[in-house]
Each structure stands twice: as structure tokens, then as C-alpha cells.
Amino acid sequence: RNGEPDSEIVVSGDVKKQELCGCKFFKMSTAEINGKYTFTVDDESFVSLLVLSGEGNLSANREALPLNAGDSIFLPADCGDVSIDGEIKILISTL
């Protein structure tokens, strides 16, 4: 391998996602958001987010947080619906 991810880039609405790597212990992907990205954190896994670039806002459980490059957010398993809006690139880690 040359260090490049094996997976294709998937574009859906305002989001461009790419799986970087995965094994039986975890998965890592990136998401480039130019608008709004909504997803659900179920009871199967936590979600860890690292903001790589840009800025935006995260909303979950009637709470809102600003996001900026360098921020790290931990979303516990089963926390429900999450929304991120802005022009932002994030690294996503899950089980």
C-alpha cells in the first residue's frame, strides 16, 4: 500500500465520507461537511470526533456546541440523534 485509503469517497447530500481503516476493534473515517450532517449514535458504539479543519456546530440531546479545528468530542453510545452543520472536516472513530 502507498498509505492511501482503500475505500471510495461516498457523497450524500452535504457530506463527503471516506472510510480510512477498520478492524474488529475500531473503524475510522473522515467526513467533509458543507452544510448539514445528521446521524444517530446507537447502543452499538460510542463516536469520537476530531475536527481536522473548518468550523461548525454540533447539536445533540438539546445541547449545542461550537466546533473548531483541533476540537475533540466524545459521544457516548446510545446518545441518539446528532447534527453537525458548517463547513468542517472531521475524523470519526467508532467500534
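Check the entry above for the structure.
Residues numbered from 1 in each chain as written. Predicted model: local features only at pLDDT ≥ 70, side-chain atom pairs only at ≥ 80, totals over all residues. Heavy atoms only, no water.

A. Region of the structure containing the overall build of the protein chain. Across its full length, the protein chain holds 0 helices and 7 strands. If you list the helices and strands of the protein chain from N to C, you get β-β-β-β-β-β-β. Since a compact globule built from 95 residues should have a radius of gyration of about 12 Å, the 13 Å found for the protein chain is in line with a globular shape. Considered along the principal axes of its C-alpha atoms, the protein chain spans approximately 45 × 30 × 25 Å. Burial statistics for the protein chain: of 95 residues in total, 32% are counted as buried. For the protein chain, long-range pairs separated by at least 24 residues make up 59% of all intrachain contacts whose partners lie at least 6 apart in sequence. A total of about 6100 Å² of accessible surface is found on the protein chain, and carbon and sulfur atoms cover 49% of it. Averaging the positions of the 8 positive and the 16 negative side-chain charges in the protein chain gives two centres separated by 4 Å. (Helix = DSSP H or I, 4+ residues; strand = E, 2+ residues; numbered from the N terminus. Rg over C-alpha atoms; globule rule 2.2 N^0.38 Å. Buried < 20%, exposed > 50% of the residue type's maximum accessible area, 1.4 Å probe, protein only. Contact = heavy atoms within 4.5 Å. Areas by Shrake-Rupley, 256 points an atom, 1.4 Å probe, with all protein chains shown as cover. Lys, Arg positive; Asp, Glu negative; His and termini not counted. Charge placed at Lys NZ, Arg CZ, Asp CG, Glu CD.)

B. Structural detail: the nonpolar core. Core analysis: the biggest nonpolar cluster contains 20 residues, and Leu-49, Leu-75, Ile-84 and Ile-90 have the highest contact counts within it. For this core, the secondary-structure elements that each account for two or more residues are β3 (27-41), β4 (47-60), β6 (72-75) and β7 (80-94). Not counting residues up to four positions away in its chain, the partners in contact with Ile-90 are Ser-29, Thr-30, Ala-31, Ile-33, Leu-49, Leu-50, Val-51, Leu-52 and Ile-84. (Core = buried A, V, L, I, M, F, W, Y, C linked by side-chain atoms within 4.5 Å.)

C. How the structure looks around the environment of Glu-19. The residue Glu-19 is located in strand β2 (residues 15-22) in this model. A relative accessible area of 40% means that Glu-19 is categorised as partly exposed. Between the C-alpha atoms of Glu-19 and Leu-91, which are 72 residues apart in sequence, the distance is 9.8 Å.

By themselves these figures say nothing about function.
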